[in-house]
Amino acid sequence: MTAPTHGRENPSPRKGSPQGELAGYEIREYLLEKFGRKCAYCTATNVPLQIEHLVPKGRHGSNRVSNLTIACKPCHDAKGTRTAAEFGHPELQAQARAPLRDAAAVNATRWALSRRLLATGLPLETGTGGRTKWNRTTRELPKTHWLDAVCVGASTPERFRVGGVIAWLITAMRRHRRQMGRTSAAGFPDKKAKATSVVGGLRTGDLVRAVVPTGSVKAGVYIGRLAIRATGACNVKTPQRPIEGIHVR
Ligand SMILES: [Zn+2]
């Protein structure tokens with residue numbers, strides 16, 4: 001990620017950010033997930049959402065997640081010093097107290113995976129979505145998938161060059177179906193197993209550079225993904241258009 005670049009260096013992050021800020025991001029992400037990324041009062045989506053105290057702090061409401069939800073600013077302002085129940089939403093109190101079950105399940109799986117990986121003896125670090133967002137935001141980086149990937153974990157460098165870096169995006173291609181013989185609706189063997197799509201060491205999904213010699217109407221050089229046809233000829237899907245019927249040679 002520190003590839004040579006002639007672009008700008010991202011500005012230095014704010015120094016000495018208190019740990020509390022990171023915790024704030026974690027809590028916000030938790031609440032967004034728990035309340036479905038919409039205002040808990042008016043269900044507005046795609047509006048700025050803020051952390052909201054069900055029982056206001058001014059009325060001795062705590063900062064624990066069991067007293068927190070997320071709300072849009074108009075609802076937050078309209079609610080004022082009222083509790084969520086007084087504001088017409090008594091159900092939110094129970095919802096806030098309930099643990100986030102799906103997230104708990106994800107966490108359990110994550111820790112099981114983490115322990116297995118630790119057992120390999122390889123250096124391992126874990127992070128959270130909240131940490132990633134905090135890392136990215138404090139480094140003033142735009143929201144992209146690859147920059148999120150760069151910002152995972154506590155070991156994210158304070159500064160790194162991003163100008164001129166082009167992310168190499170990899171798409172996972174499906175493999176063959178595993179089924180060895182296809183069956184009819186009644187469950188009887190019906191068709192032969194799907195024929196292999198490996199031709200000349202190439203298979204569907206491979207990135208190829210096809211050179212079609214001059215003299216052919218399709219003459220040219222094509223770079224793209226390969227699709228093997230039943231005839232043994234190939235299609236090459238270039239970013240511009242698919243080129244059909246190229247011989248594997
Ligand atoms: Zn609202």
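In this report, the structure presented in the accompanying data block is examined. (Residues numbered from 1 in each chain as written. Predicted model: local features only at pLDDT ≥ 70, side-chain atom pairs only at ≥ 80, totals over all residues. Heavy atoms only, no water.)

1. Overview of helix H5 (residues 129–138)
Item 1. Across the ten residues that make up H5, a large majority, seven, are buried.
Item 2. Phi turns positive one or two residues past the end of H5, at Glu140, with a value near 55°. (Buried < 20%, exposed > 50% of the residue type's maximum accessible area, 1.4 Å probe, protein only. Helix = DSSP H or I, 4+ residues; strand = E, 2+ residues; numbered from the N terminus.)

2. Some details on the sheet that holds strand E8 (residues 242–246)
Item 1. Taken together, the four strands give an open sheet; going across it, the order is E5-E6-E7-E8, and neighbouring strands pair in antiparallel fashion. Two strands bound the open sheet, and with one partner strand each, they are strand E5 (207–212) and E8. Strand-to-strand twist of the sheet, defined as the mean angle between neighbouring strand axes without regard to direction, takes the value 45°.
Item 2. Relative to strand E7 (residues 234–237), strand E6 (residues 220–228) runs antiparallel, the two being bridged by four bridges. Across the sheet, the residue bridging to Ala227 is Asn235, located in E7. (Pairing = 2+ DSSP bridges. Axes fitted to C-alpha atoms, helices over the stretch in contact; angles between N-to-C directions.)

3. What about the coordination of the zinc ion?
Item 1. Around the zinc ion, the protein contributes the donor atoms Cys39 (SG), Cys42 (SG), Cys72 (SG) and Cys75 (SG), which lie 2.3 Å from the metal centre.
Item 2. Relative to the metal, the four donor atoms surrounding the zinc ion lie at angles of 106 to 114°, and the coordination shape comes out tetrahedral.
Item 3. All donor residues of the zinc ion come from one chain, and their arrangement in sequence is C-x2-C-x29-C-x2-C.
Item 4. A relative accessible area of 1% places Cys39 in the buried class.
Item 5. The exposure class of Cys42 is partly exposed, given its relative accessible area of 37%. (Donors = N, O, S within 2.8 Å, 3.2 Å for Na, K, Ca; no water. Tetrahedral: all angles 85-135°; square planar, octahedral: opposite > 155°, others 65-115°.)

4. A look at the pairing of E5
Item 1. In E5, alternate side chains face the same way, and those of Val208, Ala210 and Val212 are buried while those of Leu207, Arg209 and Val211 on the opposite face are not.
Item 2. As paired strands, E5 and E6 are joined by six bridges and run antiparallel to one another. Its bridge partner being in E6, Arg209 is matched across the sheet by Ile223.

5. Focus on a nonpolar patch on the surface
Item 1. The grouping of Leu113, Leu117, Leu118 and Leu124 at the surface amounts to a nonpolar patch, some 350 Å² of accessible area in total.
Item 2. Positionally, Leu118 belongs in helix H4 (residues 101–119). (Patch = residues over 30% accessible without salt bridge, like charges linked within 9 Å, V, L, I, M, F, W, Y side chains within 5 Å. Areas by Shrake-Rupley, 256 points an atom, 1.4 Å probe, with all protein chains shown as cover. Salt bridge = Lys/Arg side-chain N within 4 Å of Asp/Glu carboxyl O.)

6. What to know about the packing of aromatic side chains
Item 1. A complete count under the given rule lists one aromatic pair for this structure.
Item 2. Centroid distance Tyr41 to Phe87: 5.1 Å. Interplanar angle 80°. Geometry classified as edge-to-face. Of the two residues, Tyr41 sits in the loop between helix H1 (19–34) and strand E1 (49–53) while Phe87 sits in the loop between helix H2 (73–79) and helix H3 (91–97), which places them 46 residues apart along the sequence. Of the two residues, Tyr41 and Phe87, both sit in the buried class. (Phe/Tyr/Trp six-rings, centres within 6.5 Å; stacked < 30°, edge-to-face > 60°.)

7. Some details on the nonpolar core
Item 1. Core analysis: the biggest nonpolar cluster contains 17 residues, and Phe35, Cys39, Tyr41, Leu49, Leu54, Ile70 and Leu92 have the highest contact counts within it.
Item 2. Listing elements by their share of this core, those giving two or more residues are H1, strand E2 (68–72) and H3.
Item 3. If you tally residues by element for this core, the top one is E2, at four residues.
Item 4. When residues no more than four places from it in sequence are discounted, the contact partners of Ile70 are Leu31, Leu32, Phe35, Arg37, Lys38, Cys39, Ala40, Leu49, Gln50, Ile51 and Glu52.
Item 5. With ten residues, the next largest nonpolar core counts Tyr222, Ile228, Cys234 and Val236 among its residues. (Core = buried A, V, L, I, M, F, W, Y, C linked by side-chain atoms within 4.5 Å. Contact = heavy atoms within 4.5 Å.)

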